[in-house]
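Here is what each chain is made of, one letter per residue.
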Amino acid sequence: MATPVKVYGPPLSTAVCRVVACLLEKDVEFQLISLNMAKGDHKKPDFLKIQPFGQVPAFQDEKISLLESRAICRYVCENYPEKGNKGLFGTNPLAKASIDQWLEAEGQSFNPPSSALVFQLALAPRMNIKQDEGVIKQNEEKLAKVLDVYEKRLGESRFLAGDEFSLADLSHLPNAHYLVNATDRGEILTSRDNVGRWWGEISNRDSWKKVVDMQKQQHSP
Amino acid sequence: MVVKVYGPAYASPKRVIVCLIEKQIEFETAPVDLIKGEHRNPEYLKLQPFGALPVIQDGDFTLYESRAIIRYYAEKYRSQGTELLGKTIEERGLVEQWLEVEAHNYHPPIYEMTVQLLFASKLGLSVDEKLVKKSEEKLGKVLDVYEERLSKSNYLAGDFFSLADLSHLPFTQYLVGPMEKEYMIRDRKHVSAWWDDISNRPSWKKVLELY
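Predicted, not measured: the structure shown is a model, and the values here were computed from it.

Rules used throughout
- Residues numbered from 1 in each chain as written.
- Chains lettered and ligands numbered in written order.
- Predicted model: local features only at pLDDT ≥ 70, side-chain atom pairs only at ≥ 80, totals over all residues.
- Heavy atoms only, no water.
- Pairing = 2+ DSSP bridges.
- Helix = DSSP H or I, 4+ residues; strand = E, 2+ residues; numbered from the N terminus.
- Axes fitted to C-alpha atoms, helices over the stretch in contact; angles between N-to-C directions.
- Contact = heavy atoms within 4.5 Å.
- Buried < 20%, exposed > 50% of the residue type's maximum accessible area, 1.4 Å probe, protein only.
- Buried area = accessible area lost by both parts, 1.4 Å probe.
- Salt bridge = Lys/Arg side-chain N within 4 Å of Asp/Glu carboxyl O.
- Nonpolar A, V, L, I, M, F, W, Y, C, P; charged D, E, K, R; others polar.
- UniProt positions renumbered as here; feature names shortened; annotations may be inferred.
- Core = buried A, V, L, I, M, F, W, Y, C linked by side-chain atoms within 4.5 Å.
- Domains from an automatic or database assignment.
- Polar contact = N/O pair within 3.5 Å; in protein donor to acceptor, adjacent residues only side chain to side chain.

### What to know about the sheet that holds strand β2 (residues 27–30) of chain B
All names here are of chain B. Spatially, the four strands line up as an open sheet ordered β2-β1-β3-β4, and their pairing is mixed. Strands at the two margins of the open sheet, each flanked by one partner only, are β2 and β4 (61–64). Mean inter-strand twist for the sheet, computed between neighbouring axes without regard to direction, equals 20 degrees. The pairing of strand β1 (residues 3–6) with β2 spans four bridges and is parallel. Among the inter-strand pairings, K4 is bridged to a residue of β2, identified as E28. In the packing of helix α3 (residues 66–76) onto the sheet, the strands contacted are β1, β3 (55–58) and β4, and the crossing angle to β4 comes to about 125 degrees.

What follows is the structure, given as structure tokens:
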């Protein structure tokens, strides 16, 4: 029986993985419909109808069509409150506010420099694009400053938003995974005591291990 | 107990203030001078460790990131003021979608333009014209998608005003005002009508009057 929940995009995409990790945490069955971005699948008219910015992922269930990975994750948590990890988005308003705060911090402060580094260090060489040392240095400095804040926070709290694993921690998994496993700059995370400890915990979750397996089954783009 | 919002002179805190006004929530403000570097003071960093604006204090509760703050208050005060989250889970999903589009597609280029065109000279830096041009092109492409969307619905998430539209107010006000790029809005018929609608809301007019 085919599930109505569909995620569109390649499993190697960080944003697609963010959604997949969330669906796995929430125990929600889904179908991953891969796209070949090297062939421009994401810019074709049929796809642009559901994702007009030509980005991945796109998401559909029987009620709705959505874009933006963090919006999809929030929707999944709200639509399936009783499934899987019930505390993923907090079980009271103050917990949820703290999770939203760190989800925003991820989106606004962690994501831009870490994405730039992942692109420059892991993807550009594979795509035969010349690396930009200036961009690398600039983003390393930016990311270091952000991780200094995280280091302090994670010395006071087991996870970012509190003592329970949440959507805020999950949202960091895709970029952090690439930094640690696909570049030689992983120690930016692992050399910091508290960030390193946190990374060890969150990357060992069953849901994330399943995502990594799924990625390994894919050939390179 | 009154909500205290830091940094009302700047754009992101105004995102919070306009939401509080829409939800009829009492608040007060505390100034933070970015040019003087007050966001780097130890007392401020205790509240907002990234040194960014805004942060709110609500009794013992502290919260930062404007889009997290507006979600919290829109939900907490669901039963008063304007409904900003849609009425159903699906409508909420669309509000979240367009709030994320604003955060990740609209905000980065318009923020670059703001820094370059409105703040660089105040900070003693020269304007990076190439970056401004690149950002304007990026923003134009995003506005083209908005134009298509707004030809099908009155507001971004549907036929109801929401946090998603509200989130665009502060920086778009910079765009049409001091940045002198109103043409980017006016050249697009549906974006133009949407902008007129949302920027003429009494709440936004109040923000501009006060700060």
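### Topic: the sheet that holds strand β4 (residues 65–67) of chain A
Residues and elements named next belong to chain A. In space, the four strands of this open sheet follow the order β2-β1-β3-β4, with mixed pairing throughout. The open sheet terminates on both sides in strands that have one partner only, identified here as β2 (31–33) and β4. Across the sheet, the mean angle from the axis of one strand to that of its neighbour is 20 degrees, orientation sign disregarded.

### Re the environment of K145 of chain A
Residues and elements named next belong to chain A. Relative to the assigned elements, K145 resides in helix α5 (residues 133–156). The exposure class of K145 is exposed, given its relative accessible area of 61%. Expressed as a C-alpha distance, the spacing of K145 and F110, which sit 35 residues apart in the sequence, is 9.8 Å.

### Here we look at the interface of chain B and chain A
Opposite the 29 residues of chain B that make contact, chain A presents 31 residues. For the chain B and chain A pair, buried surface summed over both sides reaches about 2700 Å², with 63% attributable to carbon and sulfur atoms. Counting across the interface, chain B meets chain A through five salt bridges. Here E104 of chain A and R71 of chain B are joined by a salt bridge, their closest N and O atoms 2.8 Å apart. Of all the secondary-structure elements, those providing two or more residues to the side of chain B that touches chain A are β4, α3, α4 (89–119) and α5 (129–150) of chain B. In terms of residues, the side of chain B that touches chain A owes the most to one element, α4 of chain B, which gives 14 residues. Split into classes, the residues belonging to the side of chain B that touches chain A amount to 15 nonpolar, six polar and eight charged.

### Comments concerning the UniProt feature "domain: GST N-terminal" (unreviewed entry) in chain A
Those places that UniProt annotates as "domain: GST N-terminal" (unreviewed entry) correspond, in this numbering, to residues 3–84 of chain A. Secondary structure across residues 3–84 of chain A comprises 35% helix and 15% strand; the distance between its end C-alpha atoms is 17 Å.

### Quick word on the nonpolar core
Taken as a class, soluble globular proteins show a tendency for nonpolar side chains to be buried jointly. With 133 residues, the main nonpolar core has F59, W102, Y150 and L167 of chain A together with Y146 and L163 of chain B as its most contacted residues. It is helix α4 (residues 93–123) of chain A that provides the largest number of residues to this core, a total of ten residues. Two domains each put at least three residues into this core: domain 1 (5–86) and domain 2 (93–209) of chain A.

### Some words on the pattern of salt bridges
For side chains bearing opposite charge, pairing can occur when the charged atoms are close. Considering all chains together, one arrives at 34 salt bridges over all chains under this definition. In this structure, R205 of chain A engages E25 of chain A in a salt bridge whose closest nitrogen and oxygen atoms are separated by 2.8 Å. Of this pair, R205 of chain A sits in the loop between α9 (193–203) and α10 (206–216) while E25 of chain A is found in helix α1 (residues 14–25), placing the two residues 180 residues apart along the sequence. Between E148 of chain B and K152 of chain B there is a salt bridge whose closest N-O contact spans 2.4 Å. With a relative accessible area of 44%, E148 of chain B lands in the partly exposed category. It is possible to trace a salt-bridge network through shared partners that takes in R74, K96, D100 and E104 of chain A together with R71, E75, R92, E96 and E100 of chain B.

### Considerations on the pairing of β3 of chain B
Residue and element names in this part refer to chain B. Examined bridge by bridge, β1 and β3 share two bridges and lie antiparallel to one another. Paired with K4 across the strands is Q57, a residue of β3. In this structure, β3 lies alongside β4, joined through four bridges in antiparallel fashion. The residue of β4 that forms the bridge with D58 is F61. The turn joining β3 and β4, which pair antiparallel and follow one another in sequence, is formed by two residues; a positive phi near 65 degrees is taken by G59.

### Quick notes on α3 of chain B
In terms of burial, α3 of chain B is a largely internal element, nine of the eleven residues being buried. Burial in α3 of chain B covers these residues: S66, R67, A68, I69, I70, R71, Y72, Y73 and A74 of chain B.

### Observations concerning the domain arrangement of chain A
Much of the literature gives interface size as the accessible area that the parts lose upon coming together. Residue and element names in this part refer to chain A. Taken domain by domain, chain A consists of domain 1 (5–86) and domain 2 (93–209). Spacing between the C-alpha centres of domain 1 and domain 2 amounts to 21 Å. Both faces combined, the contact of domain 1 with domain 2 buries some 1300 Å², and carbon together with sulfur accounts for 56% of it. Run the count over domain 1 and domain 2 and you get five salt bridges. R74 serves as the salt-bridge partner of E104, at 3.5 Å between the closest nitrogen and oxygen. For the interface between domain 1 and domain 2, the tally reads seven residue pairs in polar contact (both at pLDDT 80 or more). If you list the elements that add at least two residues to the side of domain 1 that touches domain 2, you get α1 and α3 (69–79). Grouping the amino acids of the side of domain 1 that touches domain 2 by side-chain chemistry returns seven nonpolar, two polar and four charged.

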